[in-house]
Amino acid sequence: MKLLRLKLKNFRQFYGESNIRFASGNRNITVIHGENGGGKTALLNAFKWVLYSEVTSGIQLKDQIVTKRAIYEAKSGDSVDAFVELEFEHDEKRYLIKRFVKATVGAEPQSTRTTEPEVTLHVSGSDGEWRSQDRVVDVIGRILPSDLHGYFFFDGERIEQIVKLAPEEQDQIAVASKKLLGVEILDRADKHLVIARKELEKQLKEVGDSHTRLLLEEKEVLDDEIDRIEHDLQECKDNIRTLDKHNAEIEDRLRQVEDVKALQERRDQLIDDLGKRKEALKEHLGSIKSLVSSSAFNIFLGGPIKRFEELCDKLRERGELPAGIKKQFVADLLEKGKCICNENLTAGSEHRHAVEKWLDKAGLVAVEEKVIRIGGSISQLSHELPQFLKQLDNHQRLRQTDLQEASRIETELEDISNQLKSSPKEEVASLERRRRELKETRDDLTMRKGELIAEIKKKNNRQEEIDSELSKQKANEERQRIAKARVDAAIDAKNRISKIRELMESDFRSDLQDRVSRLFQEISPTPYVVRISENYSLHLFDSDDVNALQTDGSTGERQILSLAFIGSIIDLTREYQKKGAALPGPDSSHFPMVMDSPFGALSIYRQAIAEHIPRLADQVIVMVSPSQWKGDVEREMIGRAGQQYALSYYTPKDIDEVITIDVNGKECSLIQKSPNDYEYTEILEVSHG
Amino acid sequence: MLSAKPEVQKIIREVLQLEQEKLYQDRPRLQSEIIDIIKRNVE
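This write-up is about the structure you can find in this document.

Reading the values: the criteria
Residue positions are given per chain, counted from 1 along the sequence in the order it is written. Written order decides the labels, with chains lettered from A and ligands numbered from 1. Whole-chain, interface and lining totals are the exception, using all residues; otherwise, since this is a predicted model, local features are given only for residues with pLDDT of at least 70 and side-chain atom pairs are given and counted only at 80 or more. Hydrogens and water are ignored here; the side-chain numbers use all heavy atoms of the structure. Here a helix means four or more residues in a row that DSSP labels H or I, a strand means two or more in a row labelled E, and each is numbered from the N terminus. A simple rule labels every residue: compare its accessible area, found with a 1.4 Å probe on the protein chains alone, to the largest value its type can have, and call it buried under 20%, exposed over 50%, or partly exposed in between. Here a residue-residue contact requires only that any non-hydrogen atoms of the pair lie within 4.5 Å. Exposure was quantified through the Shrake-Rupley algorithm and a 1.4 Å probe, taking into account, for residues, occlusion by the shown protein chains and nothing else. In this description, strands pair whenever DSSP reports at least two bridges between them. The axes are straight lines fitted to the C-alpha atoms, using for helices just the contacting stretch, and the angles between their N-to-C directions are given from 0 to 180°. Accessible area, probed at 1.4 Å, shrinks when two parts are joined; the buried area is that loss added up over both. Each reported salt bridge corresponds to a side-chain nitrogen of Lys or Arg within 4 Å of a carboxyl oxygen of Asp or Glu. We define a polar contact as two N or O atoms separated by no more than 3.5 Å, with the added condition that, inside protein, one atom must be a possible hydrogen donor and the other a possible acceptor, whereas residues neighbouring each other in sequence contribute only through side-chain atom pairs. For this scheme, ten residues count as nonpolar: Ala, Val, Leu, Ile, Met, Phe, Trp, Tyr, Cys and Pro. Four count as charged, namely Asp, Glu, Lys and Arg, and the remainder, Gly too, count as polar. Handedness of each helix crossing follows the sense of rotation of the near helix against the far helix: counterclockwise by less than a right angle gives left-handed, clockwise gives right-handed. Residues grouped as a nonpolar core are buried Ala, Val, Leu, Ile, Met, Phe, Trp, Tyr and Cys residues, joined through side-chain atoms within 4.5 Å. Think of a patch as exposed residues, more than 30% relative accessible area, with no salt bridge, where like charges cluster within 9 Å and nonpolar side chains (Val, Leu, Ile, Met, Phe, Trp, Tyr) cluster within 5 Å. Pairing of aromatic rings covers Phe, Tyr and Trp, the last counted by its six-membered ring, and requires centre-to-centre distances within 6.5 Å; plane angles under 30 degrees mean stacked, over 60 mean edge-to-face, and any other angle means tilted. Distance and angle both matter: a charge sits over a ring if NZ of Lys or CZ of Arg is within 6 Å of the ring centre and within 35 degrees of the ring normal.

So, about the overall build of chain A. A count of helices and strands for chain A gives 17 helices and 18 strands. Considering chain A as a whole, with its 689 residues, one finds that 45% of them fall into the buried category. Long-range contacts, defined as pairs at least 24 residues apart, comprise 69% of the intrachain contacts of chain A with a sequence gap of at least 6. When the accessible area of chain A is evaluated, it comes to approximately 35900 Å², of which 47% is carbon and sulfur surface.

Written out as structure tokens, the structure is:
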């Protein structure tokens, strides 16, 4: 998606019509200067609204779209249009999306009625003709998935929150990343092949013999049961999510009660620590498993090694080791009929008999060679055992520490809960009682969830057994043979598609982790490394050692982590698509990034981030206040800025002085007194190219 | 994928192609087209 032009009319505080053309190519940054309150966030919302019908939180959508000045200036009964129109290029086509509302002004401005927003989308291909396009949500979703739009159009001051997502939001990242990868197609194919398989099994049942019919009937019953359990499982997950939401609300309320605020904050900290300990426990367990599977065989080698040494000792005692003489040498002497001492070795002679005896001993040369070779391996294995035991011990010790610490935290959490429950303030006590009830219900649900997952697994296993039995069944008739072959093909195709999806996802996640880590380390001076869990949550660790500890990082570091994450998603998706992956996905090889005040809360990392941002995306639109822009940020970005605009804000309030910014020697007013009684913003082009 | 029988390889390719082309099509129609693909390739 290459952004070309944005047109606004009476949208929020932008009175009348305004246009912005976006920079691209080598100078891919469009800088939009504006003071606080000058319309930067409104402009960010223009992108979100036109493409996804969304705005940042805190704005009541429909009734606040139309600029107040236009409504106040209109007569009763007049209608006022407001729209946002965005032109962009994608996959060699041009798109023009427009979202609009119409306000009918009432006798009083407050009684103005605004229509529901409507949207149109036009696409122009190589012939230059514009055609209207249906299914706007789907089309836009394929170009830049709605679930991911928050990473491309974002409020920079809150960007660190990307890495502190709630679990359901982490799921969203997983889902959206899959869309970018094209995995969505695989998901759909997987589901559709299951249904196709069921239909083909029905057809097989009609033509199959009695045993086949029996097996298929059992499979049908299992299918129904799995559907029912999956439905229950989904319900269970939804209920857990709802309980978590209620729990968060209760904790939020406790945080607002002055007397217990500190206790709740301590609890927050402890829950956070407990999570980290549990995560570490899981990792230690993983390390132990992998260590045991790769080296535990050493424990069982004690007996064989001892036996080997005993055998060698016996050979040495008998003088058979070392062998000292080669079999071929003795055979040559016998062949020649002469010993090395010049004695004739005639057949039946005492001398010949003595030399012949050496033949048996000489045969041990091969044994000696083996003893040397096996002895070398055994000596290495003997060293591995103590090493294995030491590593195992180390992991066990760490695990033990984590277990003890987790248990201590749980005791302290219980203690906090008791204190809150017996609080003299009834509100606090009742909130805590409710919280406990929720926790108990949640524990039950979590257990139920585990049971349901196990049940599904069991039934799936039985289905696999039936499939294997069915494929072994001999088809008596041609019709049955074809029907059976079709079912087999549907199952095989489905399983292979699942495998491809699994591999793609795990490759993508591991590549993403490497890239985020690299990008994070390039920007941040800390030695932290990034790990991405299976559900796409991001964690910082103090080193890449297996025993590394998880760290929260400062706000600045979390901002860098978020930017590194966004940049990496863009980079990797682009790379996967360039590789021409056999899998069809949305063609998203060009990505924009629209950021409102990305340098707001930064101090020491401001320059490093400004240096990296232009490289993260193909096109960058950055909205900055003069204090964020001047200095490091301007120095780093000015060479890449292809367009600059200023949001010139008019306020009805009296102000001491006009606030201006100097762009390339041109002075622009950012805040000035309004010539009328209305508040509005004009967009001025201040520098081009 | 490489170890799959040729007819299964063809089914996978055609099903993915269909899913890509008709991403927004209603499910029942798509399913019957998938069954047709399997039937055509396994005779």
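From this point, things continue past the structure.
All names here are of chain A. Spatially, the three strands line up as an open sheet ordered S10-S11-S12, and their pairing is antiparallel. Two strands in the sheet have a free side with no partner beyond their single neighbour: strand S10 (529–532) and strand S12 (550–551). The pairing of strand S11 (residues 538–541) with S12 spans two bridges and is antiparallel. The residue bridging Leu-540 from the neighbouring strand is Thr-551, located in S12. Relative to S10, helix H13 (residues 478–523) is tilted by about 155 degrees, and along the sheet it contacts S10 and S11.

The next subject is the interface of chain A and chain B. Between chain A and chain B, the contact holds 29 residues from the first and 23 residues from the second. Carbon and sulfur atoms make up 68% of the surface buried where chain A meets chain B, a total of about 2500 Å² over both sides. Here chain A and chain B share one salt bridge between them. Ionic pairing is found between B:Glu19 and A:Arg188, a salt bridge with its closest N-O pair at 3.3 Å. On inspection of chain A and its partner chain B, the count reaches six residue pairs in polar contact (both at pLDDT 80 or more). With twelve residues, the single largest contributor to the side of chain A that touches chain B is helix H5 (residues 183–207) of chain A. Split into classes, the residues belonging to the side of chain A that touches chain B amount to 16 nonpolar, three polar and ten charged.

Attention now moves to the pairing of strand S3 (residues 29–33) of chain A. All names here are of chain A. With five of five residues buried, S3 is to be regarded as a mostly interior element. Burial along S3 is two-sided: the face carrying Ile-29, Val-31 and His-33 and the face carrying Thr-30 and Ile-32 are both buried. Two elements, S3 and strand S14 (residues 619–624), share five bridges in a ladder whose sense is parallel. Bridge pairing in S14 links Val-31 to Val-622. Where S3 and strand S15 (residues 641–651) come together, five bridges link them in parallel fashion. Across the sheet, the residue bridging to Ile-32 is Tyr-645, located in S15.

On to the packing of H13(A) against helix H1 (residues 6–21) of chain B. Packed helices, taken two at a time, are described by the angle their axes make and the gap between the axes. With their axes 9 Å apart at the nearest point, H13(A) and H1(B) run at an angle of 65 degrees to one another. Note that H13(A) runs across H1(B); the crossing there is right-handed. Here A:Ala489, A:Asp492, A:Ala493, A:Arg496 and A:Ile497 of H13(A) come into contact with H1(B), specifically with B:Val8, B:Ile11, B:Ile12 and B:Leu16. Looking at the contact of H13(A) with H1(B), its residues break down into seven nonpolar, no polar and two charged.

The next subject is the nonpolar core. Formed by 100 residues in total, the largest nonpolar core has its most connected members in A:Leu6, A:Leu43, A:Leu51, A:Leu86 and A:Phe88. Take this core: its biggest share by element is ten residues, from helix H14 (residues 555–578) of chain A. Core analysis: the next-biggest nonpolar cluster, separate from the first, contains 35 residues, A:Leu470, B:Ala4, B:Ile12 and B:Val15 among them.

For the rest of this paragraph, the subject is unusual backbone geometry. Residue and element names in this part refer to chain A. One non-glycine residue with positive phi stands out, namely Ser-53, at about 60 degrees. Relative to the helices and strands, Ser-53 is located in the loop between helix H1 (40–52) and helix H2 (68–73). With relative accessibility at 30%, the residue Ser-53 sits in the partly exposed group. The residue Arg-135 is not glycine, and still its phi comes out positive at about 50 degrees.

A few words now on the packing of H13(A) against helix H15 (residues 606–616) of chain A. Residues and elements named next belong to chain A. H15 packs onto H13 with a crossing angle of 145 degrees between their chain directions and a minimal axis gap of 10 Å. Together, Leu-519, Glu-522 and Ile-523 of H13 and Ala-608, Ile-609, His-612, Arg-615 and Leu-616 of H15 make up the contact between the two elements. Here the contact of H13 with H15 is built from residues that sort into five nonpolar, one polar and two charged.

A surface patch of nonpolar side chains, amounting to about 330 Å² of accessible area, comprises A:Ile299, A:Phe300 and A:Leu389. By the secondary structure assignment, A:Leu389 is in helix H11 (residues 364–421).

The next point concerns the pattern of salt bridges. All names here are of chain A. One pass over the structure, following the stated rule, counts 53 salt bridges over all chains. With a closest N to O distance of 3.0 Å, Arg-435 and Glu-251 form a salt bridge. Highlighted residues: Arg-435 in helix H12 (residues 426–472) and Glu-251 in helix H6 (residues 210–256), separated in sequence by 184 residues. The residues Arg-435 and Glu-251 share a single accessibility class, namely buried.

Moving on, we get to the packing of aromatic side chains. All names here are of chain A. Under the definition given, this model contains nine aromatic pairs over all chains. Centroid distance Phe-22 to Phe-47: 5.7 Å. Interplanar angle 45 degrees. Geometry classified as tilted. Pair noted here: Phe-22 is in the loop between strand S2 (14–21) and S3 and Phe-47 is in helix H1, with a separation of 25 residues, a long-range link. With a relative accessible area of 1%, Phe-47 lands in the buried category. With centroids separated by 5.4 Å and ring planes inclined at 15 degrees, the aromatic side chains of Phe-152 and Phe-591 adopt a geometry described as stacked. One end of the pair, Phe-152, is in the loop between helix H3 (136–143) and strand S9 (153–155); the other, Phe-591, is in the loop between H14 and strand S13 (592–596), with 439 residues separating them in the sequence. Just as Phe-152 is buried, Phe-591 falls in that class too. Taken together, the ring pairs in this structure connect Phe-22, Phe-47, Tyr-52 and Phe-153 into an aromatic cluster. In this structure, Arg-69 packs its charged tip against the face of Tyr-680, placed 4.4 Å from the ring centre. The ring of Phe-83 carries Lys-98 above its face, with NZ or CZ at 4.3 Å from the centroid.

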